[in-house]
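Residue-level structural notes
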Amino acid sequence: MELKSFTKAGARNYVTQTAVSQQIASLEKMAGGTLLERGNGEICLTELGEIVYEYAREMVQTRRKLHEIERYKESSVLRIGIDSSINKLFWAKMQKMINDKHSEKDFRFSKLDSYIGSRMLRENTLDIYIGYGLNDLEQPDEIGEKPLISSRIGAYIGHESSINEHPEFKAKDLERYVRYGTKSYLCSVMNGQKNDPQLLTQGIELVDNVDTMKLKVEFNDGYALADSRYFSYYDGDMLLLPGYDGECVIKAFYRKKRNKKKIKEILEELQNVVKS
């Protein structure tokens, strides 16, 4: 009802439009009548639908309050999610921060897909999400962000790529190769960077996730733009591009309503340890 669209509701909840329709149909069966009327491209509540909708809103609010209670119980534990495309070097620095000033029991770390990380942050089941961006276009007012570190963008290629045949590799050598990107690794779809050669702002073949992107690069003799320092890869090479100084930034996104002093201190520590 908020979005006036089954498709948009599915996208927000990470399910298909068909799944939303099936769930509404199941709810109508339980309620014993039609809840929504679909006409002229609009979705409207029936009288029964208005009753169920009000109860549903109350149930959602109750669930959120229960989450808040659980969060309060664990207020001494800071829940931090890190984008799964960030490599072990970054994780080692997180461990250093813990070893220097904290205890393991003070934190709960998770390796997360950026879609899940974005959703958990908004649902208040995560305090800090570390990554290249949030997947939803809109960033709610209760979510703040702090840049942690910027790195040069490099070209990720496969070990056997014919790109390696160029003795003096330059950005223009990528002109005849396919560039891959993925929405779940936001740096990979960045364009319009300062000093971007035209070839780097051309169309990108987008795939579902980082693992698929890596396979496409390695087996199809293509490339992807990625964080040259912290991108996690095993079966490929990272090449810096002479004459190209595009950068990406790893940021910490956080819940503003958490203990502000504690969050501020941790964010400062994160920034310091990552830059060390």
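Let me begin by describing the structure that accompanies this report. (Residues numbered from 1 in each chain as written. Predicted model: local features only at pLDDT ≥ 70, side-chain atom pairs only at ≥ 80, totals over all residues. Heavy atoms only, no water.)

1. Focus: the nonpolar core
- Grouped together as the largest cluster of nonpolar side chains are 49 residues, with contacts concentrated most on Phe90, Ile128, Ile130, Ile250 and Leu270.
- Of all the secondary-structure elements, those providing two or more residues to this core are β3 (78–83), α4 (88–101), β5 (128–131), β6 (143–158), α6 (210–219), β9 (224–227), β11 (247–255) and α7 (260–275).
- Non-local contacts of Ile130, meaning those with residues more than four positions away in its chain, are made with Ile80, Gly81, Ile82, Asp83, Ile86, Phe90, Met94, Leu148, Ile250, Lys251, Ala252 and Leu270.
- Core analysis: the second largest hydrophobic core is formed by 8 residues, Leu112, Leu134, Ile143 and Phe253 among them. (Core = buried A, V, L, I, M, F, W, Y, C linked by side-chain atoms within 4.5 Å. Buried < 20%, exposed > 50% of the residue type's maximum accessible area, 1.4 Å probe, protein only. Helix = DSSP H or I, 4+ residues; strand = E, 2+ residues; numbered from the N terminus. Contact = heavy atoms within 4.5 Å.)

2. Topic: helix α5 (residues 114–122)
- Of all the residues in α5, the buried ones are Ser114, Gly117, Ser118, Met120 and Leu121. Along α5, the residues classed as buried sweep out an arc of 165 degrees about the axis, all on the same side.
- Taken together, the buried residues of α5 touch β3, β4 (107–112), β5, β6 and β11.
- By the N-cap criterion, in which a side-chain oxygen at the helix start approaches the backbone nitrogen of a residue two or three places on, α5 is capped by Asp113, the distance to Tyr115 being 2.7 Å. (Arc of directions from axis to C-beta. Polar contact = N/O pair within 3.5 Å; in protein donor to acceptor, adjacent residues only side chain to side chain.)

3. A look at a negative patch on the surface
- Where like charges cluster on the molecular surface, the negative patch consists of Glu47, Glu50, Glu54 and Glu58.
- Note on placement: Glu58 falls in helix α3 (residues 47–73). (Patch = residues over 30% accessible without salt bridge, like charges linked within 9 Å, V, L, I, M, F, W, Y side chains within 5 Å. Areas by Shrake-Rupley, 256 points an atom, 1.4 Å probe, with all protein chains shown as cover. Salt bridge = Lys/Arg side-chain N within 4 Å of Asp/Glu carboxyl O. Lys, Arg positive; Asp, Glu negative; His and termini not counted. Charge placed at Lys NZ, Arg CZ, Asp CG, Glu CD.)

4. Examining the pairing of β3
- In terms of residue burial, β3 counts as a mostly covered element, since 6 of its 6 residues are buried.
- Side chains Leu78, Ile80 and Ile82 project from β3 onto one buried face, and the interleaved Arg79, Gly81 and Asp83 project onto a second face that is buried too.
- Bridging between β3 and β4 involves 6 bridges; their strand directions are parallel. Each residue of the ladder has a partner; that of Ile82, found in β4, is Lys111.
- Chirality of the crossover, the property in question, places the unit of β3, α4 and β4 among those that are right-handed. (Pairing = 2+ DSSP bridges. Right-handed = clockwise from strand over helix to strand, strands pointing away.)

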